[in-house]
Amino acid sequence: MLQPLDDAYFMKKALQEAETAFEKGEVPIGAVVVCKNQIIARAHNLTEALNDVTAHAEMQAITAAANFLGGKYLKDCTLYVTLEPCQMCAGALFWSQISKVVFGARDTERGCIALKTKLHPKTEMIGGVMKEETSHLLKRFFIEKRNLN
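What you are looking at is a predicted structure, and each value in this text was computed from that prediction instead of being measured.

Conventions and cut-offs
Residues numbered from 1 in each chain as written. Predicted model: local features only at pLDDT ≥ 70, side-chain atom pairs only at ≥ 80, totals over all residues. Heavy atoms only, no water. Salt bridge = Lys/Arg side-chain N within 4 Å of Asp/Glu carboxyl O. Buried < 20%, exposed > 50% of the residue type's maximum accessible area, 1.4 Å probe, protein only. Helix = DSSP H or I, 4+ residues; strand = E, 2+ residues; numbered from the N terminus. UniProt positions renumbered as here; feature names shortened; annotations may be inferred. 1 Å grid on protein atoms, 1.4 Å probe; cavity = no way out; pocket = protein on both sides within 12 Å on 5 of 7 lines; lining within 4 Å. Contact = heavy atoms within 4.5 Å. Polar contact = N/O pair within 3.5 Å; in protein donor to acceptor, adjacent residues only side chain to side chain. Core = buried A, V, L, I, M, F, W, Y, C linked by side-chain atoms within 4.5 Å. Pairing = 2+ DSSP bridges. Axes fitted to C-alpha atoms, helices over the stretch in contact; angles between N-to-C directions.

Considering all chains together, one arrives at three salt bridges under this definition. As a salt-bridge pair, Glu109 and Arg110 come within 3.4 Å of each other at their nearest N and O atoms. Note on accessibility: Glu109 and Arg110 belong to one class, exposed. A salt bridge links Glu144 to Arg140; the nearest nitrogen and oxygen atoms lie 3.6 Å apart. Taken as a pair, Glu144 and Arg140 lie in helix α5 (residues 131-148) at a separation of four residues, close to a single helical turn.

In structure tokens, the structure reads:
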């Protein structure tokens, strides 16, 4: 039987996705969905590439995980995402009935906690996992973006 991997292990995988987004000029947010200790979906922001404001990492990960599982509900799954989900993503997570959301950095202005957006009653939420690393990447992105303009 496989030993369960810890939250930091999977958050590092989400951070790798965020770094991929950074390299593509996207806001560096990454996500992975885990089911039974296995990554079943990987995603990062694609809003610029797809010219789609809804192409957040979480939305891409939800779709990929649902396709992998062959159904729309993500019960017994955990989403690891580098930034606290926004209202839109929290709404999608609500409808997916995901069991757990683990995020890195807080979004104190537009995050679901600040805006009091509710997740599904059975969804557990844990924040602050690798928050320094995830915050640093976001800050670096916006500093470089400002310096280019």
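Turning next to the UniProt feature "binding site: Zn(2+)" (unreviewed entry) in the protein chain. Per the UniProt record, "binding site: Zn(2+)" (unreviewed entry) is annotated on His56, Cys86 and Cys89. Over a stretch of 34 residues, the named residues converge on one spot in the fold, their C-alpha atoms separated by at most 9.3 Å. Here, the largest pocket is lined by His56 and Cys86 out of the annotated residues. Dropping the residues within four chain positions of it, His56 is found in contact with Asn45, Thr47, Cys86, Met88 and Cys89. A polar side-chain atom of His56 sits 3.3 Å from the main-chain carbonyl oxygen of Val53. By the secondary structure assignment, Cys89 is in helix α4 (residues 87-96).

With numbering aligned to this structure, UniProt lists the feature "domain: CMP/dCMP-type deaminase" (unreviewed entry) at residues 5-114. Between the end C-alpha atoms of residues 5-114 there is a gap of 29 Å, over a span that is 40% helix and 24% strand.

Counting 26 residues, the largest nonpolar core has Val33, Cys77, Leu79, Leu93 and Ile98 as its most contacted members. Of all the elements in the fold, those that place two or more residues in this core are β1 (30-35), β2 (38-44), α3 (57-69), β3 (77-83), α4 and β4 (100-105). Excluding its chain neighbours within four sequence positions, the residues that come into contact with Val33 are Gln38, Ile39, Ile40, Ala41, Ala61, Ala65, Cys77, Thr78 and Leu79. In terms of nonpolar packing, the next biggest core, distinct from the first, is built from 15 residues, Val32, Val34, Tyr80 and Leu137 among them.

The next thing to look at is the sheet that holds β1. Ordered by their spatial adjacency, five strands build an open sheet running β2-β1-β3-β4-β5, and the pairing between neighbours is mixed. Both edges of this open sheet fall to β2 and β5 (124-126), since each of them pairs with a single strand only. Going from strand to strand, the sheet's axes swing by 15° on average, the running direction of each strand aside. As defined by bridge partners, β3 adjoins β4 across five bridges and the pair is classed as parallel. Paired with Leu83 across the strands is Ala105, a residue of β4.

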